[in-house]
Structure formats: C-alpha cells, structure tokens
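Coordinate inspection notes
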Amino acid sequence: MKSWTYKSAFDSYLGMFAVVMIVFPKLVALAVLPIVGFIVYGVRKKVVEFKFSWIAAFFMLFYIAYAIGVLYTNHEDIAFKYLEYKLSFFITPILLSFRYKEGTFSLSKIAAGLIIAVVISGVYGIINASLCYMDEGTWGCFLTGTISPLHHPSYFMSFIVVAMVIAWIGVRRKWKGYRLLWVIPFTLFGFGFHIMSLSLAGVLFLLLTLGITVLYIIYRKWGWIATSISVIIVPIVGYMFIMGVPQIEGEWNGAKWYAEEYFKDSEKFVRETEFPMAGSAERLIMWTVSIDEFQEHPLGVGTGNLDEVLGARLRDLNQPELADKALNPHNQFIQTAVEIGVFGLIILVIIMLYAVYVAYKERNGLLLLIVGNLMFNSLFESMLQRQSGVVFFTFWICLLVIHRGMLARKERVIE
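Section: the overall build of the protein chain
Scanning the protein chain for helices and strands turns up 18 helices and two strands. For 415 residues, the compact-globule formula gives about 22 Å, and the C-alpha radius of gyration of the protein chain, at 22 Å, lands near that figure. The principal-axis extent of the C-alpha atoms belonging to the protein chain is close to 70 × 55 × 50 Å. Counting all 415 residues of the protein chain, 50% fall into the buried class. Within the protein chain, contacts between residues separated by at least 24 positions form 74% of all contacts whose residues are at least 6 apart in sequence. Side chains of the protein chain give 34 positive and 30 negative charges; the mean places of these two sets differ by 21 Å.

The structure is reproduced here in structure tokens:
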C-alpha cells in the first residue's frame, strides 16, 4: 500500500468514525480499533510518527483526576462507569498524537462524516416524531427529545451548529463536493431543528454565532463605524427572533422570571419552589446546592458520589422529589468542581483556554467555534458528563489543536 493510498484510506475512516460517534454512539469503542490498526500500520511503514502535544497531556491529566477520585468513592459501580464514559479523555489524545510525516489529515473528509451523521440523526428524529404524531396526534411530538431521540437536544444542537459552520467553510475553501446547492438546504435544516429542540442554550449560541459572523463580515467590508452601529442592531434582531417563536419566547420568559424570583431571595426560592418545576428553576436550585457542596469540599466529593451528596442536600432543603430525579448540576464547571475539586476545575479551564489560545494564534475559526460551543453550553449543561459529549468534543478539539495545519492557508483548497 502506497503512502498516499494509506492517507486517503485513513482520512476516509476518520470520516466514518465521525458518523459512528453520533449515529451509533454505543459502537464508539469498537470503531476505535481500526484507528489503532491504521496507526500501527503507519508506524511500521514509517509514514506516521508520535509527537507530544500539550492539549493531549491536559486531557489525559483530566482523566487521571477522575481516576484519582475513584479512590474515595462510596459507589464503585457508578465511579467505574464514569471512567468508562470518559475513557476518550485518555485514548483519543494519544491516538491523534500520531501524525503524518508529510501533510495532515483531510478535514473535508472528516467534516463530511459529521454532516452525514447530523443528517441521518435528524431524519431519524423526524421519523420518530412522525410515528409519535400518528400515535398521539399532537404536534408536541415534533419538539424537544422526541425530535432528538439519539442525543439530548442540547448536545445535538451543538453537533448541528458545528456541522452548519463547517459546511460553509467547505464552500468558501472550495472543498470537493461542497456546493451551495446542498449547503443552503442543510443550513435551513439546522435552523429548523434548533427551533424544534426548544434548547434555549442551543438557540442562544446559534444566534451568538450568527451575530459574530455578521459583525465580522460588516467589519471586513465597511470598517469600524458600520460595525459599531451593527453592534446595537444585531442583538435587537436576535431578540426579535426569540420573541417571534412562541415556544422559544416561552422558554426565555420563563427563565427570566425564575431568575428574578431567585435573586429576590435565593434561600426562599430553593426551599419553597414546588415540584414539578420548569427546567430553569431546576437549574437554579441545582447550581445553588452544588456550589454549597463545593465550598464545603473544595477537593471534591469523589467520582461517583455526586448523586448521593446532592440528594442529601436537596432533601434537607425540602426538595425530596428533585433529589429522587438524581439530576446533575447542569453546569460542567460546577459538576467538575464538585466531583474532583478545584484541581480538576483548573485542568478543565486550562484545556479550554489553551484551545482558545491555539485558535487565536492559528486564526482557526472552526476550533474557536467548537471550544466556544463547549464553554457556552457548559454554563447550562454538564456537556462532558455524557459519552456523546466526551467523545465529540475531545475528538474535534484534539484533532484541530494537534493537527494545526488542517486549516493553514496552504491547505485551504484541497483534493
């Protein structure tokens, strides 16, 4: 097998892996094995080599922090299940640290896998929602989890927004097969799913991404004065969009009302808000009890102990039903701090800031989008608590940081 044939096959398989991680998440472990085979073959043929990377070291250290947390767990079964879900923090950085001696991975092929995966998952969601509608006869079947059965809506919206942006990057850089003929309908497809998902965080991040993109285009074409004026106009347009979609408007107004009530008297809010309650109220209560727990245990409560300690606090605060739901903190920063302490939180922040630094240094807008996506959504969801989030963000961040030439100027028009 010649080196160029090997590279083409390896690139194509990474595109297939991008499909598996979203469409068949339970098969991710098996899908990793061929990657190992490609690397072993490449090393033997001396076409790939291992190079140290700081981002790989940080991710691996993050996994080790969770492994150390197992030493003081009260629930070994939960703790080891956590380590299984988070194994990508350790394995993926090692595998992606093997690089071609000449050239780098084909981003266009890997991106195609992501886009195909999003389309397949979306179509499956539509079929699932349609069957629900035929059975129940309600349009609610086309909202939230029913339209996104493979992943939590916030996760799926994260995948979609990255796929939407990377499709436009492909058009702009003239990648083979990337044409407006399908990218425009795909973009509308992505917008539709954001509306149906009712994920307020997902919609806000999409609007934020669009707003920044519009401001950047205005700056490049008309300069600072036009940009300064647009800084006022763009948020107004975004707000009008939110108010123009009834379901999203309801989510927005509900979150706003609960926030106002919380800041009037947080202790009363936590103790007296009756169950069942809206997701915004649940988040405020979970954030409160989680932060209180972290303040008492700055080194963490241990991997797998979170449900137990937060459940005990919720029962003490007259929220037994919420305790029975065993919710996570719905904030990755708080989740990490409570589980593995301040040192784990520092490692997580370092991972994000280092990726932002590389994105800025390399002018890599895609990497900045993915890290920004993770940072923003981590304020409202524990994005690295489910395997789907762990695999997706670890893969794409490591891929774009370690293989920095993927979006270098000389690589912009490829294949």
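From this point, the discussion proceeds with the structure in view.
Points about a nonpolar patch on the surface
A cluster of nonpolar side chains, contributed by Ile-225, Ile-229, Ile-232, Ile-233, Ile-236, Val-237 and Met-240, occupies part of the molecular surface with about 730 Å² of accessible area. Inspection of the secondary structure puts Ile-233 in helix H10 (residues 200-244). The partly exposed category is assigned to Ile-233, whose relative accessible area is 46%.

Some words on the pattern of salt bridges
If you walk through the whole model with that rule in mind, you get 10 salt bridges. The partner of Glu-381 in a salt bridge is Arg-283, with the nearest N and O atoms 2.3 Å apart. Here Glu-381 is found in the loop between helix H17 (365-377) and helix H18 (387-402), whereas its partner Arg-283 is found in helix H13 (residues 279-296), with 98 residues between them in sequence. In this structure Glu-381 comes out as buried when scored by relative accessible area, which is 7%. Its salt-bridge partner being Arg-315, residue Asp-324 comes within 2.7 Å of it at the nearest N-O pair. Assessed through its relative accessible area of 55%, Asp-324 is described here as exposed.

Side note on the state of the cysteines
Scanning all chains against the criterion turns up one disulfide. Through a disulfide, Cys-132 is tied to Cys-141; the S-S separation comes to 2.0 Å. Disulfide Cys-132-Cys-141: torsion about the S-S bond near -55 degrees, hence left-handed. Pair check on accessibility: Cys-132 and Cys-141 agree, each one buried.

A few points about helix H2 (residues 28-44)
With 17 residues, H2 extends 25 Å between its outermost C-alpha atoms, agreeing within 8% with the 24 Å of an ideal straight helix rising 1.5 Å per residue. Among the residues making up H2, those that are buried are Val-28, Ala-31, Val-32, Ile-35, Phe-38, Ile-39 and Gly-42. Down the axis of H2, the buried set is contained in an arc of 110 degrees. They therefore lie on one face. Of the exposed residues in H2, the ones pointing more than 90 degrees away from its buried face are Ala-29, Leu-30, Leu-33 and Arg-44. Positive backbone phi, at 60 degrees, marks Lys-46, one or two positions downstream of H2.

Side note on unusual backbone geometry
Most peptide bonds are trans, and most residues other than glycine sit at a negative phi. A cis amide bond, omega 0 degrees, links Phe-275 with the succeeding residue Pro-276. Tracing the chain through its elements places Pro-276 in the loop between helix H12 (266-272) and H13. The backbone phi angle of Arg-363 is positive, close to 55 degrees, even though this residue is not glycine. Looking at Arg-363, the relative accessible area reads 71%, which means it is exposed.

Let's talk about the side chain of Thr-394
Note on placement: Thr-394 falls in helix H18. A relative accessible area of 0% places Thr-394 in the buried class. Only 2.6 Å separates the side chain of Thr-394 from the backbone oxygen of Val-390, close enough to count as a polar contact. Discounting chain neighbours no more than four positions away, the residues touching Thr-394 are Phe-59, Ser-88, Phe-89, Thr-92, Pro-93 and Gly-389.

Things to note about the packing of helix H6 (residues 107-136) against helix H9 (residues 180-197)
Contact pair H6 / H9: the axes reach a minimum separation of 12 Å and the direction vectors enclose 50 degrees. Classified by the angle their axes make, H6 and H9 are oblique. Once H6 is placed against H9, the crossing between them reads as left-handed. Only Trp-182, Phe-186, Phe-189 and Phe-193 of H9 make contact with H6, whose side of the interface consists of Ile-115, Val-118, Val-119, Gly-122 and Ile-126. Grouping the constituent residues of the contact of H6 with H9 by class yields eight nonpolar, one polar and no charged.

Thresholds applied
Residues numbered from 1 in each chain as written. Predicted model: local features only at pLDDT ≥ 70, side-chain atom pairs only at ≥ 80, totals over all residues. Heavy atoms only, no water. Helix = DSSP H or I, 4+ residues; strand = E, 2+ residues; numbered from the N terminus. Rg over C-alpha atoms; globule rule 2.2 N^0.38 Å. Buried < 20%, exposed > 50% of the residue type's maximum accessible area, 1.4 Å probe, protein only. Contact = heavy atoms within 4.5 Å. Lys, Arg positive; Asp, Glu negative; His and termini not counted. Charge placed at Lys NZ, Arg CZ, Asp CG, Glu CD. Patch = residues over 30% accessible without salt bridge, like charges linked within 9 Å, V, L, I, M, F, W, Y side chains within 5 Å. Areas by Shrake-Rupley, 256 points an atom, 1.4 Å probe, with all protein chains shown as cover. Salt bridge = Lys/Arg side-chain N within 4 Å of Asp/Glu carboxyl O. Disulfide = S-S within 2.5 Å. Expected span 1.5 Å × (residues − 1). Arc of directions from axis to C-beta. Polar contact = N/O pair within 3.5 Å; in protein donor to acceptor, adjacent residues only side chain to side chain. Axes fitted to C-alpha atoms, helices over the stretch in contact; angles between N-to-C directions. Parallel < 35°, antiparallel > 145°, perpendicular 65-115°, else oblique. Left-handed = near helix turned anticlockwise from the far one by under 90°. Nonpolar A, V, L, I, M, F, W, Y, C, P; charged D, E, K, R; others polar.

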